[in-house]
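Chain residues, written in single-letter form:
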Amino acid sequence: MSKTTGPGPIGKTILILCWLAVCGLSFYGSVPSFLLATGQVGTPGTLTVTSCVTLGQGRYDCDGVFTPASGGPAVAVDASPDSEAGETTPAQLTPEGDRAAPAGTKGVLAALSLAGVGLGGLGFLPYVLMYWARLPGRRVAAVAGAVLSLGGLLLAIVGVTASVL
């Protein structure tokens, strides 16, 4: 029976690059939602959800009317699928003008949920690198990785919960 030692240098490089890409894309993907929720982009106003249609398997398609805070004309938009018909909430209209996202704390927490996934994914990367390099201090890296991963998981859970409530 042969004993495998794991991936070679090229395999390790590919694994690390994929790991960084997946976690980095989580951070990158959360930036537009974070900018929208904090009012850096888009138009502030109020979203009133007018209808939600069941698509099956717990999925919904919701539409609404966005009323700009500046007093401009109301715009028909797509609403978040976790909305309920009749719900009114502070929102930001995307620069494209087709969707309104929750603004304020609820929107920021929802945007941070995706970043939490990336943070949680990066938690054990230092340990893996130290393990492959056979460096001392791996136990500390493992504990720190567990704490970082748990923090990312909690951030993701809080963000998703805030977006649903």
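Chemist: What's the story with a nonpolar patch on the surface in this structure? I'm lost.
Modeler: Where nonpolar side chains cluster on the molecular surface, the patch consists of Val31, Phe34, Leu35 and Val41 and spans about 270 Å² of accessible area. Here Leu35 lies in helix H1 (residues 9–37).

Chemist: I would appreciate a short explanation of the layout of surface pockets in the present structure.
Modeler: Over the atoms a probe the size of a water molecule is rolled, and this reveals where empty space is left. In this structure, the largest pocket spans a volume of roughly 330 Å³. Along the wall of the largest pocket there are 24 residues; nearest its centre are Ser33, Ser80, Arg99, Ala101 and Pro102. Elements with a minimum of two residues in the lining of the largest pocket: H1, strand E2 (59–68), strand E3 (75–79), strand E5 (100–102) and helix H2 (104–122). The greatest single-element share of the lining of the largest pocket, amounting to six residues, is contributed by H2. A class-by-class count of the residues in the lining of the largest pocket yields twelve nonpolar, seven polar and five charged. If you add up the space inside the second largest pocket, you get close to 150 Å³. Forming the boundary of the second largest pocket are 16 residues, of which Asp82, Ser83, Glu87, Lys106 and Ser163 lie nearest the centre. At the level of secondary structure, the elements contributing two or more residues to the lining of the second largest pocket comprise strand E1 (43–56), strand E4 (88–93), E5 and helix H4 (138–164). If one sorts the elements of the lining of the second largest pocket by residue count, E5 sits on top with three residues.

Here is what the cut-offs are and how they apply
- Residues numbered from 1 in each chain as written.
- Predicted model: local features only at pLDDT ≥ 70, side-chain atom pairs only at ≥ 80, totals over all residues.
- Heavy atoms only, no water.
- Patch = residues over 30% accessible without salt bridge, like charges linked within 9 Å, V, L, I, M, F, W, Y side chains within 5 Å.
- Areas by Shrake-Rupley, 256 points an atom, 1.4 Å probe, with all protein chains shown as cover.
- Salt bridge = Lys/Arg side-chain N within 4 Å of Asp/Glu carboxyl O.
- Helix = DSSP H or I, 4+ residues; strand = E, 2+ residues; numbered from the N terminus.
- 1 Å grid on protein atoms, 1.4 Å probe; cavity = no way out; pocket = protein on both sides within 12 Å on 5 of 7 lines; lining within 4 Å.
- Points joined across faces, edges and corners; volume = space filled by probe spheres on them.
- Nonpolar A, V, L, I, M, F, W, Y, C, P; charged D, E, K, R; others polar.

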